[in-house]
Amino acid sequence: MKKNKKLLTVTAVLFVFIIFLVQCINKKAVPDARGTAFAPEQTCRQCHQAIYDSAVTSAHFNASAAATAKNVLGNFNAGHNIFMYDSLTKLVMEQRDSGLYQVLYKNNSPLLARRFDIVFGTRHAQTSLYWQDDRSFELPVSYYHAVNNWGTSPGFSATVPNFNRLIGTDCFECHSSYISHKKNTAAGDHYFAADAAVEILDKNSLVLGIGCQRCHGPAAAHVNFHTENPGKQTAGHITANKTLNRQQQLDQCAVCHSGNDKRKIQSRFMFRPGDLLANYFLPAVVADSTRHFDVHGNQFNLLKQSRCFLKSNSITCSTCHNPHGNAAMPAAVYAQKCMSCHQEGSADFCTVKNIAVAELKANCTDCHMPLETSDAISFRVSGSAAVSSYLLRSHRIAVYKETKKK
Ligand code: HEC
Ligand code: HEC
Ligand code: HEC
Ligand code: HEC
Ligand code: HEC
Ligand code: HEC
Ligand code: HEC
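Since this is a predicted model, take the numbers as computed values, not measurements. All chains use their own residue numbering, which begins from 1 and follows the written sequence. Written order determines the labels here, with chains lettered from A and ligands numbered from 1. Residue-level local features of this predicted model are given only where pLDDT is at least 70; pairs of side-chain atoms are given and counted only at 80 or more, and the full residue set underlies all totals for whole chains, interfaces and linings. The side-chain numbers reported here are obtained from all heavy atoms of the structure, hydrogens and water having been left aside.

As for the coordination of the iron atom of ligand 5
For the iron atom of ligand 5, the full set of protein donor atoms is Cys-308 (SG) and His-342 (NE2), and the range of their distances to it is 2.0 to 2.2 Å. Note on donors: an N, O or S atom is included if it sits within 2.8 Å of the metal, or within 3.2 Å for Na, K and Ca, and water is never included, so sites can look incomplete. Sites are called tetrahedral only when four donors show all angles between 85 and 135 degrees, square planar or octahedral only when four or six donors show opposite pairs over 155 degrees and all other angles between 65 and 115, and irregular in any remaining case. Considering all six donor atoms around the iron atom of ligand 5, the spread of angles at the metal, 84 to 179°, places the coordination shape in the octahedral class. Of the two residues, Cys-308 sits in helix α8 (residues 307-312) while His-342 sits in the loop between α9 (331-339) and α10 (357-362), which places them 34 residues apart along the sequence. Accessible area is worked out with a 1.4 Å probe on protein chains only. A residue is then buried under 20% of its type maximum, exposed over 50%, and partly exposed in between. Here Cys-308 falls in the partly exposed class, since its relative accessible area comes to 22%. On the accessibility criterion, His-342 (33% relative accessible area) is partly exposed. Secondary structure is summarised from DSSP: a helix means a run of H or I of at least four residues, a strand means a run of E of at least two, and numbering begins at the N terminus for each.

Set out below in C-alpha cells:
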C-alpha cells in the first residue's frame, strides 16, 4: 500500500516535471524573430478576445499565410487547373502528396515543378511564392476573384512562362509582420528601391500575416505588466491610439497604404505608432499634387486629394474602417459614415435633384468613390487574348463626371 502511494507520488512529480520541460522546450523552439520585446500574437487574445477573434478573420491577418490546401484559393480539379501558353506549353495546378504545385509541361512531359509555399492576399486576388534556398520567387499564375479563375500574375507574360521573378523584403514589408534579410553584395549604405537581387532572406524568421504588433508596436512589456497587475484597467507600456495626432494616425496606415514606389530610407518593419512617414521615405522626386496616383495600394494619397479630407481636418482611415475588421460591408453602412458629415436635410447633403433620397442613401460610394481600373495590375486568363482589368475602390472622394447621369 505505502509503496504504491510513494510510486504514485513519484510518478505524479515526474509527470509534472516532464510537462514543465516540454513547455520550456516548446517555448525555446519558437523564438520570435522580432526579438524579446514582442509577445506571441495569440497572447493578446487572453485579454482582448473580441478584437482578436475579429482580427484573425481580417484581410490583414491573412495578408500572407502558409500555402496549405485550406489557404490556397483556386481550382485544382481537372478541367479547371490549366493555363495554356501555346498549343504545346501548359502550366498545370496540381495537388501532390508533398503539397500544391504549378507544373510546366512541354508536349505533355513535365519540365519544371514549383511548390506553392506562401500565399499573399485573399480579397481580390491571391498570388503565391515558392522558396529556393534563401530566395523567394513569384509563381507565374495567380488566382483572381473577379473571374473566379487563374490568370497571369501581374506583369507576367501569357505566352512565355517565367519562374524567375524574385520577391524581396519589399513585398514582405507590406504583407507580413517580419522577415530578416542580409545584403549579399556591397550595395551601399542606402538603397532606395528594394533590390531583391542583392537580398538573402532568412525564411525561418518570417512572421506571417499583419498581426496586432505590426500596428501597435512591440507589446511584451504590456503583456507582462497586465499579467502582473490583473486589476489595472488603464493600459500600460503601449502607445494609446487616442494620444496620436491626425497625421500620426494616418501614417500608421499610410506606411503600407501610400503606394509601392517610395524612396525608402529605412525598413517599414521599423515603423512604430507615433512615427511619421517622413522619417521612412524621401519626398517624391516630382512634387505634383495633381498626379494620378494608382488605385492599387494608394488609398492614402487618393484620400488626401479629397475635399472631405482637406476641409474637415478630422477624417482618418478609422472614420470609415474598423482596423480589426473587414472592409466588405453593405454600401448603406458606408453611407452612414458619409452622412455623419453630410447630414440628410442639411445643405451639406448630396445636391443631386433627380434621384430619390432613399436611393442616394443606399449607396454614396459607387458614385463618389467609384471602382476604378488599376494602372499597375492587369491579367490574362488562359486561352484569351483579352486583358482583364483589376478594379479597386478609388479613395479620391469627389463628383465624378461619369456618375452625373445615372
Ligand atoms: C493580461 C492582460 C492583457 C494582455 C495579455 C494584453 N493586454 Fe492589451 N490591454 C490590457 C488592458 C487591461 C488594457 C486597458 C483596457 C483596454 O483598453 O482594454 C489594454 C489595452 C490595450 C490597448 C489600448 C491602449 C489604449 O490605451 O488605447 C492596446 C492597443 C493593447 N492593449 C494591445 C495589446 C496587444 C497587441 C496585446 C498582445 C501582444 C495585448 N494588448 C495583450 C490587458 C492586456
Ligand atoms: C503592414 C502594412 C499595413 C498596415 C500598417 C496597414 N495595412 Fe491595411 N492592408 C495591408 C495589406 C497588405 C492589405 C491587403 C491584404 C489582403 O487582402 O491580403 C490591407 C488591406 C486593408 C483593407 C481592406 C480589407 C478588406 O477587408 O478587404 C483595409 C480597409 C485596410 N487595409 C485599412 C487599413 C487601416 C485603416 C490601417 C491603419 C489603421 C492599415 N490598413 C494599416 C497592409 C497594411
Ligand atoms: C491594421 C492595424 C491594426 C491591427 C492589425 C490591430 N490594430 Fe488594434 N487598433 C488599431 C487602431 C488604428 C486603433 C484605434 C481605433 C480607433 O481610433 O477607433 C486600435 C485600437 C485598439 C485597441 C483599443 C481600442 C478598442 O477598440 O478597445 C485595442 C485594445 C487594440 N486595438 C488591440 C488590438 C489587438 C489585440 C490586435 C490583434 C488581434 C490589434 N489591435 C490589431 C490598429 C490595429
Ligand atoms: C507599399 C506596400 C505594398 C507593397 C510593397 C506591396 N503590396 Fe501588395 N498590397 C498592398 C495593399 C495595401 C493591398 C490592398 C489592396 C489594394 O489597395 O490594392 C495589396 C494587395 C495585394 C494583393 C491582392 C490582395 C487581395 O486580397 O486582394 C496581392 C496578391 C499583392 N498585394 C501582392 C504583392 C506582391 C507580390 C508584392 C511585391 C511584388 C506586393 N504586393 C507589394 C500593399 C503593398
Ligand atoms: C469627417 C467629415 C466627412 C466625412 C466622413 C465625409 N465627408 Fe465629404 N466632405 C466633407 C467636407 C468638410 C467637404 C467640403 C465641403 C465644402 O467644400 O464646403 C466634403 C466634400 C464632399 C464632396 C464634394 C467634393 C468636391 O470635390 O467637390 C463630396 C461629393 C463628398 N464630400 C462626398 C462624401 C462621401 C460620399 C462620403 C462618404 C464616403 C463623405 N463625403 C464623407 C466632410 C466629410
Ligand atoms: C469615407 C470613407 C472611407 C475612408 C475615410 C477610407 N475608406 Fe477605405 N474604403 C471605403 C469603402 C466604401 C470601401 C469599399 C468597401 C467594400 O465594399 O469592399 C473601401 C475599401 C478599402 C480597401 C479595400 C480595397 C478595395 O479597393 O476594395 C482598402 C485597402 C482601404 N479601403 C483602405 C483605406 C485606407 C488605408 C484609408 C485611409 C488612408 C481608407 N481606406 C479610408 C471607404 C473609406
Ligand atoms: C447616383 C449617383 C450619386 C449618389 C448615389 C450620391 N451622389 Fe452625391 N452627387 C452626385 C452628383 C452627380 C453630384 C453633383 C451634383 C450636381 O450635379 O448638382 C453630387 C453632389 C454631392 C455633393 C455636393 C458636391 C459639391 O459640389 O459640393 C455632396 C456633398 C454629395 N453629393 C454627397 C453624397 C452623399 C453623402 C451621398 C450618399 C448619402 C451621395 N452623395 C449619393 C451623385 C451621387
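Moving on, there is more to tell.
Brief notes about the coordination of the iron atom of ligand 2
Ideal geometry at a metal centre: 109.5 degrees between donors when four sit tetrahedrally, and 90 or 180 degrees when six sit octahedrally. Protein coordination of the iron atom of ligand 2 is provided by His-60 (NE2) and His-257 (NE2), with donor distances spanning 2.0 to 2.1 Å. Each of the six donor atoms bound to the iron atom of ligand 2 contributes to angles spanning 86 to 179°, and the resulting shape is octahedral. Linking His-60 in the loop between α2 (49-55) and β1 (64-66) with His-257 in helix α6 (residues 246-257), this pair joins segments that are 197 residues apart in sequence. The exposure class assigned to His-257 is partly exposed, which follows from its relative accessible area of 31%.

Concerning the site of ligand 2
One heavy atom suffices: a residue is near a molecule or strand as soon as one of its heavy atoms comes within 4 Å of it. His-60, Cys-253, Cys-256, His-257 and Ala-327 are the nearest of the 20 residues found near ligand 2. Interatomic distance of 2.7 Å between a side-chain N/O atom of His-60 and a nitrogen atom of ligand 2. Here a polar contact is recorded for every N or O atom pair within 3.5 Å, except that within protein the pair must consist of a potential hydrogen donor and a potential acceptor, and residues adjacent in sequence are included only if both atoms are side-chain atoms. Here a nitrogen atom of ligand 2 and a side-chain polar atom of His-257 are 2.9 Å apart. Those elements that provide at least two residues to the shell around ligand 2 are α3 (169-175) and α6. Residue type decides the class: Asp, Glu, Lys and Arg count as charged, Ala, Val, Leu, Ile, Met, Phe, Trp, Tyr, Cys and Pro as nonpolar, and the leftover types, Gly among them, as polar. Within the shell around ligand 2, the residues separate by chemical class into nine nonpolar, eight polar and three charged.

Overview of the confidence of the model for the chain
Residues at a pLDDT of 70 or more form 85% of the chain, whose mean pLDDT is 89. Long-range and interchain partners of residues 20-29, a stretch whose pLDDT sits below 50, account for zero contacts in this model, where long-range means more than four residues apart. The pLDDT value tells you how sure the predictor is about a given residue, anywhere from 0 up to 100. Note on contacts: a residue pair qualifies if any of its non-hydrogen atoms lie within 4.5 Å across the two residues. Predicted confidence is poor over residues 188-193, with pLDDT under 50, and the contacts of this stretch with residues over four places away or in other chains come to 12 contacts.

Points about the environment of Ala-362
Of note, Ala-362 is situated in helix α10. Note on Ala-362: relative accessible area 38%, which makes it partly exposed. When sequence neighbours within four positions are dropped, the list of residues in contact with Ala-362 reads Ala-331 and Ala-332.

Notes on the site of ligand 1
Taken together, 18 residues lie around ligand 1, and Cys-44, Cys-47, His-48, His-222 and Gln-233 are the ones closest in. Within the contact set of ligand 1, a nitrogen atom lies 2.9 Å away from a side-chain nitrogen or oxygen of His-48. Here His-222 contributes a side-chain N or O atom positioned 2.8 Å from a nitrogen atom of ligand 1. Elements supplying a minimum of two residues to the shell around ligand 1: α4 (212-216) and α5 (220-228). Among the elements that line the shell around ligand 1, the one with the most residues is α5, at four residues. A class-by-class count of the residues in the shell around ligand 1 yields eight nonpolar, eight polar and two charged.

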